[in-house]
Amino acid sequence: MEIIIQPTPEAVSLIAANIIANLVRDKPDCVLGLATGNTPILMYRELVRMHREAGLDFSRVTTFNLDEYVGLSPKHPQSYHAFMHEHLFQHLNVPRQNIHIPNGLAADIAAECAQFELAIRGAGGIDLQVLGIGTDGHIGFNERSSSLASRTRIKTLTEQTRHDNARYFGRPEDVPMHVITMGVGTIMEARQVLLLAFGENKAQVMAAAVEGPISAMNPASILQMHPVAKALLDEPAAAQLTLGDYYRWVYAHKPDWQQFVRGR
Ligand code: F6R
């Protein structure tokens, strides 16, 4: 895994947005896997700025979101449909029909999950998947002990995740118990993965994900097996990495022939 450590979330988000922008320019019909939560918001803001100010064109891009709460309508303010509309889609020119977010109101959840997997395959697979990480190591909503080969399916959230996400809801008990999430196996099939983490409350889990043993007890740790995965962290999130100085040194000394890869 390539580890990129930057002083601030803004600096990390700029690099991540540049990686996506380069992909969109190189492959205008690329397929992006997207995440919700606090972590990608600054990156989305940067992409919106690039679209407005530099004409970055998303008119042929297809997107798949990682997850959605079961039982929330797309219009519910805490749904991930609403989140994506607010932070990204209302500001970009991604065609409506190219946007895929699991339907948390589906009458047949298993069929919805199977259809989601088919749609990813039909689009030619995900070129780049954006990930945040839960304080317990979850990616998407693949909680600890999730199968590392899992596909899109319904999952039950842990109390920890419901507690972490309660800040978005009026009352903690309003946080849904169930979600539809891409599986770990689905995520691992993306051609490139960007894992973003900010803040000291992610330091322990990031050290375990990047340097610890691969284990279903930290689903993000499977990314060590991904051929093109980058972890992008701010300094507080990098604080517990054993080899932090080495990663900083590597990034600062990328050889010239690799410079074009910087930000890619
Ligand atoms: C969101 C998702 C989750 C979040 C994770 C971190 O679509 O799949 O895995 O990335 O819970 O959330 P934040 O960024 O709010 O700390």
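Here, the structure is the one placed above.
What this report covers is the structure whose coordinates are included nearby.

Definitions and cut-offs
- Residues numbered from 1 in each chain as written.
- Predicted model: local features only at pLDDT ≥ 70, side-chain atom pairs only at ≥ 80, totals over all residues.
- Heavy atoms only, no water.
- Near = heavy atom within 4 Å.
- Polar contact = N/O pair within 3.5 Å; in protein donor to acceptor, adjacent residues only side chain to side chain.
- Areas by Shrake-Rupley, 256 points an atom, 1.4 Å probe, with all protein chains shown as cover.
- Buried < 20%, exposed > 50% of the residue type's maximum accessible area, 1.4 Å probe, protein only.
- Helix = DSSP H or I, 4+ residues; strand = E, 2+ residues; numbered from the N terminus.
- Right-handed = clockwise from strand over helix to strand, strands pointing away.
- Pairing = 2+ DSSP bridges.
- Axes fitted to C-alpha atoms, helices over the stretch in contact; angles between N-to-C directions.

**Here's the deal with the site of the ligand**
In the neighbourhood of the ligand, 15 residues make up the surrounding shell, with T36, T39, D67, H138 and G140 lying closest. Residue N38 places a main-chain N or O atom 2.9 Å away from an oxygen atom belonging to the ligand. A distance of 3.4 Å is found between an oxygen atom of the ligand and a side-chain nitrogen or oxygen belonging to Y168. About the coverage of the ligand: the protein hides 93% of its 410 Å² of free accessible area.

**Some words on the pairing of strand β3 (residues 62-65)**
Every second residue of β3 is oriented toward a common face, with T62 and F64 on one face and T63 and N65 on the other, all of them buried. Crossover connection from strand β2 (residues 31-34) via helix α2 (residues 41-54) to parallel β3: handedness right-handed. Note: β3 against strand β5 (residues 99-100), two bridges, orientation parallel. What sits directly across from F64, in β5, is H100.

**Remarks on the pairing of strand β7 (residues 153-156)**
Residue alternation in β7 divides its side chains into a buried set, R153 and K155, and an unburied set, I154 and T156. Here β7 pairs with strand β8 (residues 178-181) via four bridges, running antiparallel. By the bridge assignment for β8, I154 is matched with I180.

**A word on the sheet that holds β7**
Ordered by their spatial adjacency, three strands build an open sheet running β4-β8-β7, and the pairing between neighbours is antiparallel. Strands with a single pairing partner mark the edges of an open sheet, and in this sheet they are β4 (67-69) and β7. In this sheet, neighbouring strand axes are inclined to one another by 30 degrees on average, regardless of whether the strands run parallel or antiparallel. As defined by bridge partners, β4 adjoins β8 across three bridges and the pair is classed as antiparallel. Residue pairing across strands places E68 opposite I180, the latter belonging to β8.

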